[in-house]
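Given next are the chains, with one letter for each unit.
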Amino acid sequence: MITIVRSILAGIAVSLALYGQAQNIDLKTWPEKANPITVGRLVAQRFVESPHNSFKPPAPPRSITYPEVCTWYGALKFADISNDKVLLEQLTQRFMPLFDTEKHLVPRPWHVDFAVFGTVPLELYQQTKNKTFREMGMRFADAQWSIPIDSPQTVKNAYQKFLDKGLTWQTRYWIDDMYMITMVQSKAFQVTRERKYIDRAAHEMLVYLDTIQKENGLFYHAPDAPFFWGRGNGWMAAGMSELLSSLPIDNANRRAILASYKKMMASLKKYQRKDGLWGQLIDKPESWVETSGSAMFTYALITGVRNGWLDAKEYTPIARKAWLALVDYINEQGDISNVCEGTNRKDDYQYYLDRKQKTGDMHGQAPILWCVNALLKK
């Protein structure tokens with residue numbers, strides 16, 4: 001009799017536990033360590049306290065780098081969505097020396113990795129209405145479709161071939177391009193409401209998707225680097241998410257881009273690991289867990305669920321599991337670990353497995369803030 005009672009009580013306990021879990025399969029209810037506000041404050045403040053990012057520390061940076069830009073943008077969006085005026089002022093004051101004593105750090109927009117810098121002043125303009133920020137940011141957005149006048153004629157001719165197809169002269173068919181290009185163009189559209197910015201970004205995205213997306217929905221690092229590198233695919237996932245969030249419904253390319261986005265998300269669902277994250281090489285279970293790409297995928301999944309692009313019942317558990325796993329990699333200082341160092345393309349499998357794993361690298365800090373903002377967005 002006692003055995004029967006114990007079995008019944010155990011069954012009830014399991015049922016209650018499962019019921020409790022079912023009630024929390026959402027993107028709103030979190031334990032304190034995963035609370036988006038808590039995480040956002042910690043990681044944003046870590047950025048405020050950090051010096052300008054250098055690709056080759058301890059050497060000082062030659063210009064503001066794209067990982068810093070992406071983290072700065074994430075922190076600004078968090079200041080906005082959390083109505084944190086103190087944080088906004090700190091982030092604004094970080095920028096002001098770039099007009100004066102640190103103007104040598106403002107990158108020249110001759111490459112996609114530099115052109116994305118324009119995202120920060122454009123976001124600052126949206127929040128402060130200071131036209132000086134707008135003027136600087138728009139120069140970067142416009143430069144992506146304007147060949148530098150000091151380019152040699154042979155180079156101009158090569159660039160013009162892209163412009164003749166409606167593409168930026170910075171086109172190179174690398175996967176990270178689709179964040180660097182679409183991000184600043186989307187932001188320019190938000191600021192000006194001129195359709196040319198968002199329409200040409202959508203055209204660029206569709207050409208890239210038609211050219212480099214594989215049958216499984218994922219992307220090689222580059223044409224001559226046939227590997228499904230985590231963070232590289234993360235840039236594509238985040239770029240499509242940012243673009244679709246701003247792209248008008250009547251854009252002719254929207255349906256095709258959305259279909260490609262869904263195809264990629266379905267593949268990410270397949271390759272999500274038991275711990276909730278993804279590997280340095282997405283389709284290689286022997287590769288180590290990599291957090292920057294995982295955070296970018298999580299951001300894309302949250303954004304898709306929140307916007308109704310993805311079936312909530314199917315994808316909410318995937319996004320939730322990923323976010324809960326990610327926060328376990330954030331330490332008390334606000335730094336996330338297991339971030340792949342900056343990685344050039346290479347046709348060498350072992351090269352990707354041997355990349356250093358860093359803690360606090362802004363490649364990883366940035367998408368954590370993007371996730372925070374996506375979770376808080378109403």
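Residues numbered from 1 in each chain as written. Predicted model: local features only at pLDDT ≥ 70, side-chain atom pairs only at ≥ 80, totals over all residues. Heavy atoms only, no water.

K.L.:
How should the overall build of the chain be read in this particular structure?
P.N.:
Helices and strands together make up the secondary structure of the chain, namely 16 helices and 2 strands. For a compact globule of 378 residues, the expected C-alpha radius of gyration is about 21 Å, and the chain comes in at 21 Å, within 12% of that figure. Taken along the three principal axes of its C-alpha coordinates, the chain extends 90 × 45 × 45 Å. In the chain, which comprises 378 residues, the share counted as buried stands at 55%. Excluding contacts between residues fewer than 6 apart, the proportion of contacts in the chain whose partners are at least 24 apart in sequence is 71%. For the chain, the accessible surface area stands at approximately 17100 Å², while carbon and sulfur atoms represent 53% of it. (Helix = DSSP H or I, 4+ residues; strand = E, 2+ residues; numbered from the N terminus. Rg over C-alpha atoms; globule rule 2.2 N^0.38 Å. Buried < 20%, exposed > 50% of the residue type's maximum accessible area, 1.4 Å probe, protein only. Contact = heavy atoms within 4.5 Å. Areas by Shrake-Rupley, 256 points an atom, 1.4 Å probe, with all protein chains shown as cover.)

K.L.:
How should I be thinking about helix 6 (residues 119-128) in this particular structure?
P.N.:
Because each turn of an α-helix spans 3.6 residues, side chains separated by three or four positions in sequence point in the same direction. The buried count for helix 6 comes to 8 of 10 residues, which makes it a mostly enclosed element. Within helix 6 the residues assigned to the buried category are Thr119, Val120, Pro121, Leu122, Glu123, Leu124, Tyr125 and Gln127. Contacts made by the buried residues of helix 6 are with helix 3 (66-81), helix 4 (85-95), helix 7 (131-143) and helix 9 (177-192). Taken from the residues just after helix 6, Lys129 is the one with a positive phi, measuring 65 degrees.

K.L.:
Help me out: how do you make sense of the packing of helix 3 against helix 16 (residues 362-376) in this one?
P.N.:
Each pair of packed helices gets described by two things: the angle between the helix axes and the distance between those axes. It is at 8 Å that the axes of helix 3 and helix 16 come closest, and there the two elements cross at 25 degrees. Here helix 16 runs roughly parallel to helix 3, going by the angle between their axes. In the packing of helix 3 onto helix 16, the handedness of the crossing is left-handed. Packed against helix 3, whose contacting residues are Tyr66, Pro67, Glu68, Cys70, Thr71, Tyr73, Gly74, Ala75, Lys77, Phe78 and Ile81, the element helix 16 presents Met362, His363, Gln365, Ala366, Leu369, Trp370, Val372, Asn373 and Leu376 at the interface. Its residues assigned to classes, the contact of helix 3 with helix 16 shows 13 nonpolar, 5 polar and 2 charged. (Axes fitted to C-alpha atoms, helices over the stretch in contact; angles between N-to-C directions. Parallel < 35°, antiparallel > 145°, perpendicular 65-115°, else oblique. Left-handed = near helix turned anticlockwise from the far one by under 90°. Nonpolar A, V, L, I, M, F, W, Y, C, P; charged D, E, K, R; others polar.)

K.L.:
Just checking my understanding: could you explain the packing of aromatic side chains for this structure?
P.N.:
How two aromatic rings sit relative to each other is set out by the distance from centre to centre and by the angle between their planes. Tallying each qualifying case throughout the model produces 22 aromatic pairs. Summarising the aromatic geometry, the rings of Trp110 and Phe114 are spaced 5.4 Å apart at their centres and angled 70 degrees between planes, so their arrangement reads as edge-to-face. The class of Trp110 is partly exposed, set by a relative accessible area of 44%. Summarising the aromatic geometry, the rings of Tyr351 and Tyr352 are spaced 5.1 Å apart at their centres and angled 85 degrees between planes, so their arrangement reads as edge-to-face. Of the two residues, Tyr351 and Tyr352, both sit in the buried class. Linked through ring pairs, Phe47, Trp72, Phe95, Phe99, Phe117, Phe133 and Phe140 together constitute an aromatic cluster. Across the ring face of Tyr315, the terminal group of Lys269 is positioned such that the distance to the ring centre comes to 5.9 Å. (Phe/Tyr/Trp six-rings, centres within 6.5 Å; stacked < 30°, edge-to-face > 60°. Lys NZ or Arg CZ within 6 Å of the ring centre and 35° of its normal.)

K.L.:
How should unusual backbone geometry be read in this particular structure?
P.N.:
Note: most peptide bonds trans; most residues except glycine with negative phi. Its identity as a non-glycine residue notwithstanding, Lys129 has a phi of 65 degrees, on the positive side. For Lys129, the position within the fold is in the loop between helix 6 and helix 7. The backbone of Arg193 sits at a positive phi, close to 65 degrees, despite the residue not being glycine. Mapped onto the elements, Arg193 comes out in the loop between helix 9 and helix 10 (195-212). With relative accessibility at 54%, the residue Arg193 sits in the exposed group.

K.L.:
Mind showing me how you'd approach the environment of Tyr351 here?
P.N.:
Looking at the element boundaries, Tyr351 is found in helix 15 (residues 349-353). The exposure class of Tyr351 is buried, given its relative accessible area of 16%. Sequence-distant contacts of Tyr351, that is, excluding residues within four places in its chain, are made with Thr343, Asn344 and Lys346. In terms of polar contacts, Tyr351 uses its side chain to reach the backbone carbonyl oxygen of Asn344, at 3.0 Å. (Polar contact = N/O pair within 3.5 Å; in protein donor to acceptor, adjacent residues only side chain to side chain.)

K.L.:
What is the right way to read the environment of Tyr173 from this model?
P.N.:
Relative to the elements of secondary structure, Tyr173 occurs in the loop between helix 8 (153-163) and helix 9. A C-alpha to C-alpha distance of 20 Å links Tyr173 and Leu244, two positions 71 residues apart in sequence. Apart from the residues lying within four places of it in its own chain, the contact partners of Tyr173 are Phe162, Leu167, Val207, Tyr208, Thr211, Ile212 and Pro223.

K.L.:
Even after reading the chapter, I still don't get the packing of helix 13 (residues 291-307) against helix 14 (residues 312-327), so can you show me in this structure?
P.N.:
Contact geometry for helix 13 and helix 14: axes closest at 9 Å, N-to-C directions at 145 degrees. As helix 13 runs across helix 14, the sense of the crossing is left-handed. Across the interface between the two elements, Thr291, Ser294, Ala295, Thr298, Leu301, Ile302 and Val305 of helix 13 pack against Ala312, Tyr315, Thr316, Ile318, Ala319, Ala322, Trp323 and Leu326 of helix 14. Taken together, the residues that form the contact of helix 13 with helix 14 break down as 11 nonpolar, 4 polar and no charged.

K.L.:
Can you walk me through the side chain of Glu123 in this structure?
P.N.:
With respect to the helices, strands and loops of the structure, Glu123 is situated in helix 6. Leave out the neighbours within four places in its chain, and Glu123 touches Tyr73, Leu76, Lys77 and Lys187.

K.L.:
Would you explain the confidence of the model for the chain in this entry?
P.N.:
Low pLDDT marks stretches whose predicted atomic positions should not be read closely. On average, residues of the chain score 93 in pLDDT, and 94% of them reach the 70 mark or higher. Confidence drops under pLDDT 50 across residues 12-23; counting only partners more than four residues distant or on other chains, this segment forms 0 contacts. (pLDDT = per-residue confidence, 0-100.)

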